[in-house]
Amino acid sequence: MLRSQLLKWTLGLLATLLATHLLAAPPKLLGLDDMSCQAWSNTKPAPEERLIYLAWARGFLSGHNYANQRQQVTDVSNGTIAVFADRFCRENSKASFSDAIYRMSDEFSGRGAPLAK
């Protein structure tokens, strides 16, 4: 009898945890109005606009470092970020600029595995 009750309680707890996980909202990405790779690519002839994207990327990478203090991205220049994002967006034109920076944080921090969105 006790074993049956314990089993029911355990299954109920697992079901509740699973339901909570499935219903949890994904993390909110606070970005620019247009985070597409196309929008990023369109900033190439407009250095002032490009700086806005680069500032966002540096903030994202800093947030990565805060959250992953054992796998930090080393200090990178705006040029390094731009080259990485340009290459990523050229190869993944339908992706977003944020996807490029996610991948950059993976590669430059030594994580080696893609971040889950």
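This text follows the structure it describes.
Residues numbered from 1 in each chain as written. Predicted model: local features only at pLDDT ≥ 70, side-chain atom pairs only at ≥ 80, totals over all residues. Heavy atoms only, no water.

Under the criterion given, the structure shown has five salt bridges. Among the salt bridges present, the one from Asp75 reaches Arg58, with a minimum N-O distance of 3.5 Å. With a gap of 17 residues between them, Asp75 in the loop between α3 (47-67) and α4 (78-91) and Arg58 in helix α3 connect regions that are remote in the sequence. According to the relative accessible area criterion, Arg58 is partly exposed, its value standing at 31%. For Arg103, the salt bridge is made with Asp106, and the minimal N-O distance between the two is 3.1 Å. Of this pair, Arg103 and Asp106 both sit in helix α5 (residues 97-109), separated by three residues, roughly a single helical turn. Residue Arg103 is classed as partly exposed on the basis of its relative accessible area of 23%. (Salt bridge = Lys/Arg side-chain N within 4 Å of Asp/Glu carboxyl O. Helix = DSSP H or I, 4+ residues; strand = E, 2+ residues; numbered from the N terminus. Buried < 20%, exposed > 50% of the residue type's maximum accessible area, 1.4 Å probe, protein only.)

So, on to α5. Between its first and last C-alpha, α5 extends 18 Å over 13 residues, near the 18 Å set by a 1.5 Å rise per residue. Most of α5 is tucked away, with 10 of its 13 residues classed as buried. For α5, every residue scored as buried is listed here: Phe97, Ser98, Asp99, Ala100, Ile101, Tyr102, Met104, Ser105, Asp106 and Ser109. Residues of α5 that are buried sit in contact with α2 (37-42), α3 and α4. Gly110 sits one or two residues past α5 and shows a positive phi near 85 degrees. (Expected span 1.5 Å × (residues − 1). Contact = heavy atoms within 4.5 Å.)

Take it as geometry only, folks, not as evidence of what the structure does.
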